[in-house]
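Overview (structure and organization)
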Amino acid sequence: MKEKIIKVLVDLTYGNNNDVKIAAINALGDYKCSIEQSDAIERLLVLCDDYNKDVAVASIAAISKLARFFYENQEINSNID
């Protein structure tokens, strides 16, 4: 199910409505399972260079959230070992 959710969110980032794009980008940033999906990460990286400043800023923020979660998750796993 999570793959389907991420696919829908990524697909929404290809539309013409910037409000919808930004909402999908924000959702990807908040949805920690996005880390597991290379398509989502790759799309967020592309959107960092979007002509619309708000879309680019939202993408950068989403990647930052995911990176922070990934880093914290790595630390937790390394403390368990």
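Residues numbered from 1 in each chain as written. Predicted model: local features only at pLDDT ≥ 70, side-chain atom pairs only at ≥ 80, totals over all residues. Heavy atoms only, no water.

Remarks on the overall build of the chain
Definition in use: In DSSP terms, a helix is any run of H or I states spanning at least four residues, a strand is any run of E spanning at least two, and both are numbered starting from the N terminus. Think of it in three bands: residues with accessible area under 20% of the maximum for their type are buried, residues over 50% are exposed, and the middle band is partly exposed, with areas taken using a 1.4 Å probe on protein chains only. Any two residues having at least one pair of non-hydrogen atoms within 4.5 Å are treated as being in contact.
Along the chain, the regular secondary structure elements total four helices and zero strands. Shown N-terminal to C-terminal, the secondary structure of the chain runs as helices and strands in the order α-α-α-α. A burial count over the chain gives 31% of its 81 residues as buried. Once local pairs closer than 6 in sequence are excluded, the contacts in the chain between residues at least 24 apart make up 55%.

Some details on the packing of aromatic side chains
Let me state the cut-off plainly: Pairs were defined over the aromatic rings of Phe, Tyr and Trp, the Trp ring being its six-membered one, requiring ring centres within 6.5 Å. Orientation was assigned from the angle between planes: stacked under 30 degrees, edge-to-face over 60, tilted for the rest. Only lysine NZ and arginine CZ atoms are considered, and such an atom sits over a ring when it is within 6 Å of the ring centre and within 35 degrees of the ring normal.
By the definition in use, this model includes zero aromatic pairs. Of note, R43 hangs over the ring of Y14, and the distance from its end group to the ring centre comes to 3.7 Å.

Quick notes on the packing of helix α1 (residues 2-12) against helix α2 (residues 18-30)
The geometry of a pair of packed helices is captured by two quantities: the angle between their axes and the separation between those axes. Applied cut-off: Simply put, an axis is a line fit to the C-alpha atoms, just over the touching stretch for a helix, and the angle between two N-to-C directions goes from 0 to 180 degrees. The hand of a helix crossing depends on one turn: near helix anticlockwise from the far one by less than a right angle means left-handed, and clockwise means right-handed.
Across the interface, α1 lies against α2 with an axial gap of 8 Å and an inter-helix angle of 145°. Between α1 and α2 lies a crossing of left-handed hand. Residues I6, L9, V10 and L12 of α1 lie in contact with α2, whose contacting residues are V20, K21, A24, A27 and L28.

Focus: α2
Test applied: Helix span, expected: 1.5 Å multiplied by one less than the number of residues in the helix. Between N or O atoms, a polar contact is any pair within 3.5 Å; within protein, one atom must be a potential hydrogen donor and the other a potential acceptor, and residues adjacent in sequence are included only when both atoms are from side chains.
Taking 1.5 Å as the rise per residue, α2 with 13 residues should run 18 Å; its terminal C-alpha atoms sit 18 Å apart, in good agreement. Measuring from the backbone nitrogen of D19 back to the side-chain oxygen at the start of α2 gives 2.9 Å, which picks out N17 as the cap.

Focus: the confidence of the model for the chain
So the rule is basically this: Every residue is assigned a pLDDT by the predictor, reflecting its confidence on a scale from 0 to 100.
Across the chain, the average pLDDT comes to 89, with 89% of residues at 70 or higher. For the chain, the element scoring lowest by mean pLDDT is helix α4 (residues 53-80), at 82; α2 scores highest, at 96.

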